[in-house]
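Geometric and topological summary
Spelled out from the first residue to the last, the chains are:
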Amino acid sequence: MKFRPLHDRVLVRRVDEEEKTAGGIIIPDTAKEKPMEGEIIAVGSGSLGEDGAIRPLDVKAGDRVLF
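Residues numbered from 1 in each chain as written. Predicted model: local features only at pLDDT ≥ 70, side-chain atom pairs only at ≥ 80, totals over all residues. Heavy atoms only, no water.

**Remarks on unusual backbone geometry**
Leave glycine aside and you will find that most residues have negative phi; peptide bonds, for their part, are mostly trans. Look at histidine 7: it is not a glycine, yet its phi comes out positive at around 55°. Take histidine 7: it is sitting in the segment before strand E1 (10-14). By relative accessible area, which is 54% here, histidine 7 ends up exposed. (Helix = DSSP H or I, 4+ residues; strand = E, 2+ residues; numbered from the N terminus. Buried < 20%, exposed > 50% of the residue type's maximum accessible area, 1.4 Å probe, protein only.)

Given below as structure tokens:
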């Protein structure tokens, strides 16, 4: 499915955290926090400046972001 956000909007998919820690401890679903890291799926064309020109966004599809 093609999805394109408008203007200065971005579409982000959350990145799932690991089920195990480095020491091998399994983290249950009830103890997990919502992930704060994501991958950008789609970006809009950019924001409209005061002079009427479109300024492109600094991020692109495939970038990893914190939110």
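**Examining the pattern of salt bridges**
Throughout the structure, instances matching the rule amount to three salt bridges. For glutamate 37, the salt bridge identified is with arginine 64, shortest N-O distance 2.9 Å. Of this pair, glutamate 37 sits in strand E2 (residues 37-43) while arginine 64 sits in strand E5 (residues 64-66); the two residues are 27 residues apart in sequence, bridging distant segments of the chain. Salt-bridge contacts for lysine 60 lead to aspartate 63; the nearest nitrogen and oxygen are separated by 3.4 Å. Residue lysine 60 is classed as exposed on the basis of its relative accessible area, which comes to 54%. (Salt bridge = Lys/Arg side-chain N within 4 Å of Asp/Glu carboxyl O.)

Bear in mind that shape data such as this cannot, by itself, settle questions of function.
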